[in-house]
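Residue-level structural notes
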Amino acid sequence: MPTTTRLLRRTAAAAAAALTLLVTACGGADQPSGPTGEGQEPVRGGTLNLAFFPDNAAFSCLDPFQTYWIEHRTLIRNFADSLTDQNPDTGEIVPWLATGWQISPDGRDYTFVLRDGVTFADGAPLDAAAVKANFDAFVDLARGSGGTAYGASYIQGLQSTDVVDPATVRFHFEQPNSSFLQATSTTNLALLSPASLRKTPQQRCLGGIAGTGPFTLDNYTPGQGVTLSRRVGYRWPSSLTKNTGDAHLDQIRVSYVAEDSVRTGNLVSGQIDIAWPRNPFTVEDRALIGRSGAYLRSRSLPGVSYTLYPNVSEGRPLADDQVRRALYRALDVKTLGTTVFGSDYPAVAGAFDSTTPYFAAQDARLAYDPAEAGRILDAAGWRLAPGEQYRAKDGRRLSLTLAVEPSSIGQELFQDQLRKVGIEVQLKVITQAERQAVVANGQYDLLGSYFTRADPGALQFILVERLANSKALARNAQRPETATRIADLFSRAVQTTDPAQRQEIYGRLQSALLDEGVTFPLFERVQYAGIRNRVNGFRFTSESFLDLRDVWVQP
């Protein structure tokens, strides 16, 4: 039995068997158990043991600008700071390594005033020259990678970085870029020391880099683990951090654990302090964590939801507008989420997750109505003949190929829902290495992708062909006239400096993505953490990463 099939059946069975237990033991996303030191003064010292999903074997990298792996980025947040920070509750951008900034009336120039007295872990001062060195290196990496370096999307259109004086730096863009201020708060634009930047990109990936954060990166062994230790003399947190001095923890030890059940078992037995899964915990594991006295925290990852993108190339079934329209009525996204992840799992409500600034729910456009789906398909000539399970038109069966990776979940439920309205879904399991060729050759009808960033502009790096990492995916997902409209909406949103106008434009964009049949959201992407009750001060960042600045462990 394929890995995907086993995982889905195990998850669905667990959901059914544990439903009563879930209601009585779990209640909501967070367990009634919690940190035992709440309300007490933090205690300094101790080691935090953290277990992640397996390391990225295809691209082992802890360099902020290059890496896309969520687990790597959450560690970067703790040893490398950024010019600004973003409030996870409001989306507001607040000072951090920069005490303030000015944006020119035309939106093309950003001028930042730097905080005094900040140093990197190797002793180098943070000044305008160091900031310029970072952004010059970013531009070089973006060009050298052909735009595929993950951070390239954050500096789109940056023409120059100039030192105004030792404490002032100015960024100049070829056109207005209203998303840049938010970009300066992200881990991917976190700053490294000038000495770190003199290393090759490959050397930076494997460690030996110094940031300005409250922890230092001691060691990174790909596939095995990471070690961070407290840095003495840290005094420049953002206003979102309670702790204004040295970190409470002595050390952080990170291990990579492949099996979800093993990771959960290590947490409930006290071998680790935090279990950080890639997919949400099963209902069964959540109940087990609650019974052990540990607790759960969760937050949706901002940016693009887990969404399927169609192949509307000529001759493919989804080139038919009415088939795409029927898909929205055939899919019950609420049931998808709750069956796979538990009864309290949030239903996806659009192309973006709900924690994304300017998010606008599209519930009406995603309303489940299989009878209406059938009527749409009938009217389009896709008929269900007596005794047949699947619809056909002109002798051709209505069959879609869904490309999924081995770790994907939920695809059989998706398959079942479309089967009920007479659409066949064939699962094509592909590896990450095979994905590029499959997309380039158009050997699929639906394919999932996502992008984690607390700004809706993230989606243009999937759908706007000139910016997209996979230009074939962007091209296949929309007809030329649709692609022009979508790109124009993104361009107008990015170029305006008026928040109200951005809200209005992004609202129209989110509606258009569904009206045009460009995105088929399946799941809200939720980051869970299982935490021992001796761990206090846990906090998610705006990117739904782990912030360890306030964390302390009770002896």
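Residues numbered from 1 in each chain as written. Predicted model: local features only at pLDDT ≥ 70, side-chain atom pairs only at ≥ 80, totals over all residues. Heavy atoms only, no water.

**Considering the nonpolar core**
Counting 68 residues, the largest nonpolar core has Phe135, Phe171 and Leu459 as the members making the most contacts within it. A per-element tally of this core places helix H4 (residues 128-144) first, with eight residues. For Leu459, the contacting residues outside a window of four places in its chain are Val304, Tyr309, Ala351, Phe352, Phe490 and Leu513. Formed by 45 residues, the second largest nonpolar core is a distinct cluster that contains Leu308, Leu336, Phe341 and Leu446. (Core = buried A, V, L, I, M, F, W, Y, C linked by side-chain atoms within 4.5 Å. Buried < 20%, exposed > 50% of the residue type's maximum accessible area, 1.4 Å probe, protein only. Helix = DSSP H or I, 4+ residues; strand = E, 2+ residues; numbered from the N terminus. Contact = heavy atoms within 4.5 Å.)

**Some details on the packing of aromatic side chains**
This model, assessed by the stated rule, comprises 29 aromatic pairs. A centroid spacing of 4.6 Å and a plane angle of 35° characterise the contact between Phe341 and Tyr345, whose relative ring orientation is tilted. By the burial criterion, Phe341 is buried, and Tyr345 matches it. Among the aromatic residues, ring-to-ring pairing joins Phe65, Trp101, Tyr110, Phe112, Phe135, Phe138, Phe171, Phe173 and Phe180 into one connected group. Over the face of the ring belonging to Phe53 we find Arg278, whose NZ or CZ atom lies 4.9 Å from the ring centre. (Phe/Tyr/Trp six-rings, centres within 6.5 Å; stacked < 30°, edge-to-face > 60°. Lys NZ or Arg CZ within 6 Å of the ring centre and 35° of its normal.)

**Focus: the packing of helix H10 (residues 321-330) against helix H12 (residues 370-379)**
Angle between the axes and distance between the axes: these two values describe a pair of packed helices. Remark: H10 packs on H12, axes separated minimally by 7 Å, with the N-to-C direction vectors making an angle of 170°. Considering their axes alone, H10 and H12 lie roughly antiparallel with respect to each other. Our pair here, H10 against H12, has a crossing hand that is left-handed. Only Pro370, Glu372, Ala373, Ile376 and Leu377 of H12 make contact with H10, whose side of the interface consists of Gln322, Val323, Arg325, Ala326, Arg329 and Ala330. Counted by class, the contact of H10 with H12 contains seven nonpolar, one polar and three charged residues. (Axes fitted to C-alpha atoms, helices over the stretch in contact; angles between N-to-C directions. Parallel < 35°, antiparallel > 145°, perpendicular 65-115°, else oblique. Left-handed = near helix turned anticlockwise from the far one by under 90°. Nonpolar A, V, L, I, M, F, W, Y, C, P; charged D, E, K, R; others polar.)

**Some details on the packing of helix H8 (residues 260-268) against helix H9 (residues 283-291)**
Close contact between H8 and H9 brings their axes to 10 Å; oriented N to C, the two are set at 10°. In this view, H8 runs roughly parallel relative to H9, as classed from their interaxial angle. Residues Asp260, Ser261, Thr264, Leu267 and Val268 of H8 form the contact with H9, whose own contacting residues are Asp285, Leu288 and Ile289.

**Some details on the sheet that holds strand E13 (residues 303-310)**
Strand order in the open sheet formed by five strands is E17-E16-E18-E13-E19, and the pairing between neighbours is mixed. The open sheet is flanked by strand E17 (424-429) and strand E19 (520-523), the only strands paired with a single partner. The sheet shows a mean angle of 35° between the axes of neighbouring strands, taken without regard to direction. Of the pairings in the sheet, the one linking E13 to E19 comprises three bridges and is antiparallel in character. Residue pairing across strands places Thr307 opposite Pro521, the latter belonging to E19. Relative to the sheet, H10 contacts E13, strand E16 (399-404), strand E18 (446-452) and E19, its axis offset from that of E19 by approximately 25°. On top of the sheet, helix H13 (residues 411-419) reaches E13, E16, E17, E18 and E19; it is set at about 160° to E17, its chief contact. (Pairing = 2+ DSSP bridges.)

**Some details on the pattern of salt bridges**
Under the counting rule described, the total for this entry stands at 29 salt bridges. Arg391 is the salt-bridge partner of Asp378, the closest N and O atoms lying 2.7 Å from each other. Note that Asp378 is positioned in helix H12 and Arg391 in the loop between H12 and strand E14 (392-393), a separation of 13 residues in sequence. Accessibility expressed as a relative area gives 7% for Arg391, which makes it buried. Between Asp547 and Arg549 there is a salt bridge, and its shortest N-O distance comes to 3.4 Å. This pair shows no difference in class: Asp547 is buried, exactly as Arg549 is. By sharing partners, the salt bridges in this structure join Asp81, Arg539, Asp547 and Arg549 into a single network. (Salt bridge = Lys/Arg side-chain N within 4 Å of Asp/Glu carboxyl O.)

**A short note on the environment of Leu308**
Summarising the element assignment, Leu308 is placed in strand E13. Each C-alpha atom of the pair Leu308 and Leu446 lies 5.8 Å from the other, and the pair is 138 residues apart in sequence. In this structure, Leu308 is in contact with Leu402, Phe414, Leu446, Leu447, Gly448, Val518, Thr519, Phe520 and Leu522, ignoring residues within four places of it in sequence.

**Description of the sheet that holds strand E5 (residues 109-114)**
The four strands are arranged E4-E5-E7-E6 in an open sheet whose pairing can be described as antiparallel. Only two strands of the sheet have a single neighbouring strand rather than two, namely strand E4 (98-103) and strand E6 (158-165). Neighbour to neighbour, the strand axes of the sheet diverge by 20° on average, direction disregarded. Direction of pairing for E5 relative to strand E7 (residues 168-173): antiparallel, over a ladder of five bridges. Of the residues in E7, the one forming a bridge with Val113 is Thr168. Each of E5, E6 and E7 is contacted by H4, which is oriented at about 170° to E6, the strand it contacts most.

**Focus: H8**
All of the buried residues in H8 are Arg263, Thr264, Asn266 and Leu267. In an axial view of H8, the angular spread of the buried residues amounts to 160°, which keeps them on one side of the axis. Downstream of H8 by a residue or two, Gly270 has a phi angle that is positive, lying close to 85°. (Arc of directions from axis to C-beta.)

**With respect to the environment of Asn311**
Looking at the element boundaries, Asn311 is found in the loop between E13 and H10. Note on Asn311: relative accessible area 1%, which makes it buried. In sequence terms Asn311 and Arg391 are 80 residues apart; their C-alpha atoms lie 19 Å from each other. Apart from the residues lying within four places of it in its own chain, the contact partners of Asn311 are Arg316, Leu318, Ala319, Gly442, Tyr444, Asp445 and Asn476. There is a polar contact of 2.6 Å between the side chain of Asn311 and the side chain of Ser313. (Polar contact = N/O pair within 3.5 Å; in protein donor to acceptor, adjacent residues only side chain to side chain.)

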